[in-house]
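Residue strings, one per chain:
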Amino acid sequence: MLSPSLFTPQAWQDALEIVEYIGTDNPEAASRFVPALEATCTQLVALPRLGSVRNVGHKDLKGVRIVPVTGFEHYLIFYTTTGKNLKVLRVLHAARDFPTMFKE
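This is a predicted model, so every value here is computed, not measured. (Residues numbered from 1 in each chain as written. Predicted model: local features only at pLDDT ≥ 70, side-chain atom pairs only at ≥ 80, totals over all residues. Heavy atoms only, no water.)

Peer 1: Sorry if this is basic, but what is going on with the sheet that holds strand 1 (residues 52-54) here?
Peer 2: Two strands in a sheet stick together by hydrogen bonds in their backbones, pointing the same way (parallel) or opposite ways (antiparallel). Here we have 4 strands laid out as an open sheet, ordered 1-2-3-4, and antiparallel in their pairing. Each end of this open sheet is capped by a strand with a single partner; those strands are strand 1 and strand 4 (85-93). Between one strand axis and the next, the sheet turns through 40° on average, direction left out of account. Both strand 3 (residues 72-82) and strand 4 contribute to a ladder of 8 bridges, which runs antiparallel. Following the sheet pairing, Phe78 is matched in strand 4 by Arg90. On top of the sheet, helix 1 (residues 9-25) reaches strand 3 and strand 4; it is set at about 35° to strand 4, its chief contact. The strands that helix 2 (residues 27-46) touches are strand 2 (64-69), strand 3 and strand 4; relative to strand 3, the one it contacts most, it runs at about 35°. (Pairing = 2+ DSSP bridges. Helix = DSSP H or I, 4+ residues; strand = E, 2+ residues; numbered from the N terminus. Axes fitted to C-alpha atoms, helices over the stretch in contact; angles between N-to-C directions. Contact = heavy atoms within 4.5 Å.)

Given below as structure tokens:
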């Protein structure tokens, strides 16, 4: 299990909402989402530069990296790295207008 300090409160909320959304149509897939998210984040902790760098249009978020959740490629993990520290900022569906979401 991953440390809660790895995720921002918004990233935790995103994950909960995704599980709820997936669960309305496919409870079995919803039960696989959190383990897939944890596995992907464990991989990121070991290889923090794995994701691609994106400019999301917010000056405080330069260098945000994005990687898909393994097995749920339409769900993206947005994270930053500072030294050996990794912070998951958001977990969002690829169809979301994420550049504007980071401007809030």
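Peer 1: Looking at this model, I keep getting lost on the confidence of the model for the protein chain. Mind explaining?
Peer 2: Low pLDDT means the predicted atomic positions in that stretch should not be read closely. Of all residues in the protein chain, 84% attain a pLDDT of 70 or more, and the chain-wide mean is 86. Across the protein chain, helix 1 holds the top mean pLDDT of 94, while helix 3 (residues 98-101) sits lowest at 68. (pLDDT = per-residue confidence, 0-100.)

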